[in-house]
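For reference, the chains in residue letters:
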There are 2 protein chains.
Amino acid sequence: MAPTSGFEEMWRDLAPVGRSASSGGYFRQPWTTAESELRSWFAEECVARGLAVETDGIGNQVAWWVPAAAAGRRGVLTGSHLDSVLDGGAYDGPLGVASALAAVDTLRARGFEPDRPIGVGVFVEEEGSRFGRACLGSRLVTGATTWDEARELRDRDGVFLADAVAGAGLDPEAGLLSLDRVDTFVELHVEQGRDLVDRDVAVGLASEIWPHGRWRFDFAGQANHAGTTRMEDRHDPMLTYAMTALAANKQARLAGQRATFGRLSVEPNGTNAVPSLVTAWLDARASSDEALATLVEAVERQAHDRAERDGTRLDVTAESVSGSVAFDPDLATRLASLGGWPVIPTQAGHDAGILSDAGIPTAMVFVRNPTGVSHSPDEHAETVDCLAGVEALADVLAELARRRDPA
Amino acid sequence: MAPTSGFEEMWRDLAPVGRSASSGGYFRQPWTTAESELRSWFAEECVARGLAVETDGIGNQVAWWVPAAAAGRRGVLTGSHLDSVLDGGAYDGPLGVASALAAVDTLRARGFEPDRPIGVGVFVEEEGSRFGRACLGSRLVTGATTWDEARELRDRDGVFLADAVAGAGLDPEAGLLSLDRVDTFVELHVEQGRDLVDRDVAVGLASEIWPHGRWRFDFAGQANHAGTTRMEDRHDPMLTYAMTALAANKQARLAGQRATFGRLSVEPNGTNAVPSLVTAWLDARASSDEALATLVEAVERQAHDRAERDGTRLDVTAESVSGSVAFDPDLATRLASLGGWPVIPTQAGHDAGILSDAGIPTAMVFVRNPTGVSHSPDEHAETVDCLAGVEALADVLAELARRRDPA
């Protein structure tokens, strides 16, 4: 067996992949060269640990450690994703994958022999940065989204998902990862808020994921000359959009929830033309399903009112909506007690939420983020906290892979 | 000599070039295949009329009709442009070129023998749709912009102007069109407002072009997670932009001027990320240089105030500003009297403004636009009005090419 890389060495190996020289951020979109390089990196790290890696038809990966005592049993899967948002940070996703591999090393160094298999996995297109559907890999594996539905998705250049997957040398007909042998799922992730900073601890467990979703707002008006068209004769969808973006912010602020317009597309997008079409995506999250519905309804209502005033038209399409996810509370309590870690909620979606929704007992381990900044080149975690995360994950896996009952 | 095409036949020939099947609008960006096709079309039409066409080092074209009696004299140039805004209309530009050729036919059919040369010309990149600098061809020819400055401009894909020009098989070192022999310039153009509709006439002359310009607004904030970042912790440049777009509209409306944000670029433009950067272009126009300065200052001030509130940063760069252009008033009065045509202002920039600024006596002929819509697939003019425009342009050229003094 080849010598394995420690966490810090793995982290250095990952650092340059898909990194923008100008911003320092990452562009690790699924089924691109950068992501294919990451898939190879993961496979090599697994092989170096003597773990046979299995890559499914869309690029999800898993490698199982099955000592003789664990053979034939269902086991605990840990891992995360390697893709990034556009110009994202280094930690969101890869931290969970590198920590999973390092935790296996830690358990082995401790001489721990699991009674159940321990798997390390990677899910594709978690961010939805290319095809607009977050957690696409885990959704397909759990059946939350079907391949027939997904294959028709297109990226911003009009490429079909099916063609992107085929272009990466993968074949969905070869089948998807089976979760049949997964007894429990654990995802380690950098925290994307400042709860752990406020509590002055390096590690925490997740209680729940807020309900959240993406809605596409198509504001249609009439293209016209920006100079000669009197202001009162215009049907300018940019105005309807602008008011809607401000309204979404205000509604979320007042309600203590979240609403963001971070992605926009303008037609024809010419300086001297009133636009014909502005398409904008609302990302909204709230502390309950009802609060989310109320928030989105309020934004839609204000947008429609303004569209009437501007003489524009508005169509709203829900592209993906995820209800509230409550992680198994007994599991969270049991695992939190291992290190006296706090149990905190998150507003971010994760593959863990999809697996939990599919009925798999699931937990998340968070690692402190000193600024709370995420989805940004500025995202950061201290190495000492990352190493504490590896230790915590090893403790969690040891607890879960210990036979508690005669199976 | 080949038989020449009449106006309607030329119009049919032009109809499919660069037309979008989905919107019906035109994408005739400079130094692209569509534009190269238009350049060939123009050259063929000139040759069919026995006019030798000269193409300069960046693609401006001119063909002179020089009867024996006119040899050695300075003459009248007429023409317009063939490029379009993104998803633009059929008439803005090409109407002036096809009408110029048809007016030559009309003069010849009338048996008219000019005492001065009559030239038909085409200027490149009038719309600034690719390199952001409106009237680039005429600016280079008049020296208002230098080649050393222009060659460094980049399009949205990062292509340098110099490379785009070379890629179209042109060589700027070969020199630019000379305007030395141009005594007077006349540009026929579809009207882009509804003055002629309101006055119930098919043709008008231009009095002036409103001062106008393009300003780039760079709103910089901090990229962050759209779900986990509390609303109060954000530095979201989209909010600063949205308020600025609404403020620009309101300021222009109150002042009876024009302000438009029709072009936008967002970084990283991801649904689940607060943007790090929103770049937006303000197109502003006003009835006087002072009113324009006041309008832009008011928008900038409100934008800066909001940036302070949002914790974002704003940089404003004037990309091109054209002062008021008053066309030669005696010339306009003299030409208007030929047909009893009204003399009206326009808010749109034209190559005619650049040539007028360069000290060349210049006039514009407008053709009625029934809806006033322009820079849009919906732009339209009735054929009967276009033919009236050709007759009017022929009358204007006859007046200008008649020897009035012993030269």
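Residues numbered from 1 in each chain as written. Chains lettered and ligands numbered in written order. Predicted model: local features only at pLDDT ≥ 70, side-chain atom pairs only at ≥ 80, totals over all residues. Heavy atoms only, no water.

Asks: Before we go on, may I ask you to explain the overall build of chain A in this structure?
Replies: A count of helices and strands for chain A gives 12 helices and 15 strands. Computed over C-alpha atoms, the radius of gyration of chain A comes to 23 Å, within 12% of the 22 Å expected from 2.2 N^0.38 for 407 residues, which places it in the range of a compact globule. With respect to the principal axes defined by its C-alpha atoms, chain A has extents near 80 × 45 × 40 Å. Across the 407 residues in chain A, those meeting the buried criterion constitute 62%. Long-range contacts, defined here as pairs at least 24 residues apart, represent 77% of the contacts in chain A between residues at least 6 apart. Looking at chain A as shown, the accessible area adds up to about 14600 Å², and 47% of this sits on carbon and sulfur atoms. (Helix = DSSP H or I, 4+ residues; strand = E, 2+ residues; numbered from the N terminus. Rg over C-alpha atoms; globule rule 2.2 N^0.38 Å. Buried < 20%, exposed > 50% of the residue type's maximum accessible area, 1.4 Å probe, protein only. Contact = heavy atoms within 4.5 Å. Areas by Shrake-Rupley, 256 points an atom, 1.4 Å probe, with all protein chains shown as cover.)

Asks: How should I be thinking about the interface of chain B and chain A in this particular structure?
Replies: A common way to express how large an interface is: the accessible area buried when the components associate. Contacts between chain B and chain A engage 62 residues on the former and 62 residues on the latter. Note on chain B versus chain A: buried area summed over both sides is about 5300 Å², and carbon and sulfur give 53% of it. A salt bridge links Asp233(A) to Arg194(B), with the nearest nitrogen and oxygen atoms 3.4 Å apart. Looking at the side of chain B that touches chain A, the elements that each hand over two or more residues are strand S8 (224-225), helix H8 (237-255), strand S9 (258-267), strand S10 (273-274) and strand S11 (277-285) of chain B. Sort the elements by how many residues they give to the side of chain B that touches chain A and H8(B) lands first, with 10 residues. Of the residues contributing to the side of chain B that touches chain A, the split by class is 25 nonpolar, 22 polar and 15 charged. (Buried area = accessible area lost by both parts, 1.4 Å probe. Salt bridge = Lys/Arg side-chain N within 4 Å of Asp/Glu carboxyl O. Nonpolar A, V, L, I, M, F, W, Y, C, P; charged D, E, K, R; others polar.)

Asks: I keep staring at the packing of aromatic side chains and nothing clicks. Help me out?
Replies: To describe a pair of aromatic rings, you give the distance between the ring centres and the angle between the ring planes. Taken as a whole and judged by the stated rule, the model has 16 aromatic pairs over all chains. A centroid spacing of 5.4 Å and a plane angle of 85 degrees characterise the contact between Phe217(B) and Phe261(B), whose relative ring orientation is edge-to-face. Linking Phe217(B) in strand S7 (residues 212-220) with Phe261(B) in strand S9, this pair joins segments that are 44 residues apart in sequence. Each of the two residues, Phe217(B) as well as Phe261(B), counts as buried. Taken together through their ring pairs, the aromatic side chains of Phe217(A), Phe219(A), Tyr241(A) and Phe261(A) make up a single cluster. Lying over the aromatic face of Trp65(B), Arg108(B) brings its terminal NZ or CZ to 4.7 Å of the ring centre. (Phe/Tyr/Trp six-rings, centres within 6.5 Å; stacked < 30°, edge-to-face > 60°. Lys NZ or Arg CZ within 6 Å of the ring centre and 35° of its normal.)

Asks: I tried to follow the relation of the copies chain B and chain A on my own but got confused; where do I start?
Replies: To go from the first copy of the chain to the second, apply a rotation about an axis and then a shift along the same axis. The transformation that overlays chain B on chain A combines an axial shift of 0.0 Å with a rotation of 180 degrees, and the residual RMSD is 0.1 Å. Such a combination of turn and shift is consistent with a two-fold rotation axis. For chain B, the residue whose C-alpha comes nearest the rotation axis is Ala242(B), separated from it by 2.2 Å. The overlap is high: 100% of the interface residues of chain B also sit at the interface in chain A, so the same surface is used on both sides. (Least-squares fit on C-alpha atoms with pLDDT ≥ 70 in both.)

Asks: Hey, could you run me through the nonpolar core in this one?
Replies: One broad rule of soluble globular proteins: the nonpolar side chains tend to lie buried together. Tyr241(A), Leu282(A), Tyr241(B) and Leu282(B) are the most contacted members of the largest nonpolar core, which totals 62 residues. Excluding residues within four positions of it along the chain, Leu282(A) makes contact with Gly213(A), Arg214(A), Trp215(A), Phe217(A), Ala248(A), Ala259(A), Thr260(A), Phe261(A), Val296(A) and Val299(A). (Core = buried A, V, L, I, M, F, W, Y, C linked by side-chain atoms within 4.5 Å.)

Asks: What should I look at first to understand the environment of Val299(A) in this one?
Replies: Residues and elements named next belong to chain A. Mapped onto the elements of the fold, Val 299 is located in helix H9 (residues 289-310). Val 299 sits 49 residues away from Lys 250 along the chain, and the two C-alpha atoms are 9.4 Å apart. Here Val 299 is in contact with Phe 217, Thr 244, Ala 248, Gln 251 and Leu 282, once residues within four sequence places are set aside.

None of the figures reported here should be taken as evidence of function without further support.
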